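# Close look at the chain arrangement
The chain contents come next:
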Amino acid sequence: MIEKSLTNKALELLRRKMRRMKYGTGLIFLVSFLFLSNPLPAKQWLIFYAKEGFFNGVIRQSFGHLFIGLVQEDPDEPKNLLAGFWGYYPKDGIKPEGWWGYMDGSIRNDFAADYQHSFAIEIAPRDFDYCLQQVKEWNHKPYSLRMRNCISFVRTLIKNIPGIAAPKGFYILPSAFIRDLQDMNRSIAYKGHFEHYNSL
């Protein structure tokens with residue numbers, strides 16, 4: 001499992017800055033300062049995370065959540081890792097119209113989000129930039145539990161990245177989706193460790 005709590009001093013500074021920012025400002029800060037200021041990274045990774053839903057034995061209380069991390073080596077100091085974590089959500093919580101139609105959606109900072117499943121894939125610089133662009137674009141897309149949700153966000157990313165095999169069919173549970181995604185991509189999954197992370 002790829003873990004997610006950061007120990008690198010630069011990332012600790014980033015976390016403190018992000019906590020003082022509202023989401024929109026934090027997103028602009030991450031994209032413009034961390035990533036776009038380093039146009040020639042040595043390596044970069046796309047990490048997938050899934051949180052299990054909750055079932056109380058009678059009815060399902062939640063379906064869980066699927067989100068991503070983007071990690072990039074600092075070209076000046078490759079041992080330092082620059083990172084951002086994002087997921088797609090209903091902007092103001094689940095509303096009745098969101099079950100069958102659409103409601104406002106937004107991208108949120110998932111730095112502190114809980115998860116039980118994760119794995120990483122190394123990606124090319126152009127694919128890294130593409131993922132960042134999608135993070136910005138999905139912040140304005142309407143959300144639907146059935147037709148455009150957190151799984152849909154991740155599907156959009158992987159279907160346009162060469163070499164990543166994408167699960168087909170309809171998925172209700174993010175945890176089921178990530179398990180199939182990982183099974184289909186075991187040959188390209190990153191098998192190393194991020195030395196400056198306790199968890200990603």
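Note: the structure precedes this text.
Described below are features of the structure shown in this document. None of the values given here were measured: they were computed from a predicted structure.

## Description of the overall build of the chain
Across its full length, the chain carries 6 helices and 7 strands. Reading the secondary structure of the chain in the N-to-C direction produces α-α-β-β-β-β-β-α-β-β-α-α-α. A fraction of 67% describes how many contacts in the chain between residues 6 or more apart in sequence connect residues 24 or more apart. Carbon and sulfur atoms form 54% of the exposed surface of the chain, whose accessible area is close to 10500 Å².

## Concerning the packing of helix α4 (residues 125-138) against helix α5 (residues 150-159)
Running from N to C, α4 and α5 point in directions that differ by 150°, and their axes come no closer than 10 Å. Crossing geometry of α4 relative to α5 is assigned as right-handed. Between α4, through Tyr130, Cys131, Gln134, Val135 and Trp138, and α5, the contact on the second element is made entirely by Ser152, Phe153, Thr156 and Leu157. Of the residues contributing to the contact of α4 with α5, the split by class is 6 nonpolar, 3 polar and no charged.

## Things to note about the pattern of salt bridges
Tallied over the entire structure, the rule returns 2 salt bridges. Residue Arg179 pairs with Glu52 through a salt bridge whose shortest N-O separation is 3.5 Å. Placement of Arg179 in helix α6 (residues 174-184) and of Glu52 in the loop between β1 (44-51) and β2 (54-55) is noted, with a sequence separation of 127 residues between them. A relative accessible area of 39% means that Arg179 is categorised as partly exposed. Close ionic contact of Arg186 with Asp183 constitutes a salt bridge, the shortest N to O distance being 2.8 Å. The class for Asp183 is partly exposed, based on a relative accessible area of 45%.

## Description of the side chain of Asn149
Following the sequence through the fold, Asn149 ends up in the loop between α4 and α5. In this structure, Asn149 is in contact with Tyr88, Trp138, Tyr143 and Ser144, ignoring residues within four places of it in sequence.

## As for the packing of aromatic side chains
All chains considered together, the criterion is met by 10 aromatic pairs. Geometrically, the ring pair formed by Trp45 and Tyr190 is tilted, given 5.3 Å between the ring centres and 55° between the ring planes. In this pair, Trp45 sits in strand β1 while Tyr190 sits in the segment after α6, placing the two residues 145 residues apart along the sequence. Relative accessible area serves as the criterion here: at 2%, Trp45 is assigned to the buried category. Exposure remark for Tyr190: the relative accessible area of 24% places this residue in the partly exposed category. With a centroid separation of 6.0 Å and 55° between ring planes, the pair formed by Phe85 and Phe111 is classed as tilted. Of this pair, Phe85 sits in strand β5 (residues 81-90) while Phe111 is found in the loop between β6 (105-109) and β7 (117-122), placing the two residues 26 residues apart along the sequence.

## A word on the sheet that holds β6
Ordered in space as β6-β5-β4-β1-β7, the 5 strands form an open sheet in which the pairing is antiparallel. Edge positions in the sheet fall to β6 and β7, since each has one partner strand and no second. Averaged over all pairs of adjacent strands, the angle between their axes in this sheet comes to 25°, without regard to strand direction. With 7 bridges connecting them, strand β4 (residues 65-73) and β5 associate as antiparallel partners. Directly across from Val71, in β5, lies its bridge partner Ala83. Relative to the sheet, α6 contacts β1, β4 and β7, its axis offset from that of β7 by approximately 40°.

What counts, and at which threshold
Residues numbered from 1 in each chain as written. Predicted model: local features only at pLDDT ≥ 70, side-chain atom pairs only at ≥ 80, totals over all residues. Heavy atoms only, no water. Helix = DSSP H or I, 4+ residues; strand = E, 2+ residues; numbered from the N terminus. Contact = heavy atoms within 4.5 Å. Areas by Shrake-Rupley, 256 points an atom, 1.4 Å probe, with all protein chains shown as cover. Axes fitted to C-alpha atoms, helices over the stretch in contact; angles between N-to-C directions. Left-handed = near helix turned anticlockwise from the far one by under 90°. Nonpolar A, V, L, I, M, F, W, Y, C, P; charged D, E, K, R; others polar. Salt bridge = Lys/Arg side-chain N within 4 Å of Asp/Glu carboxyl O. Buried < 20%, exposed > 50% of the residue type's maximum accessible area, 1.4 Å probe, protein only. Phe/Tyr/Trp six-rings, centres within 6.5 Å; stacked < 30°, edge-to-face > 60°. Pairing = 2+ DSSP bridges.

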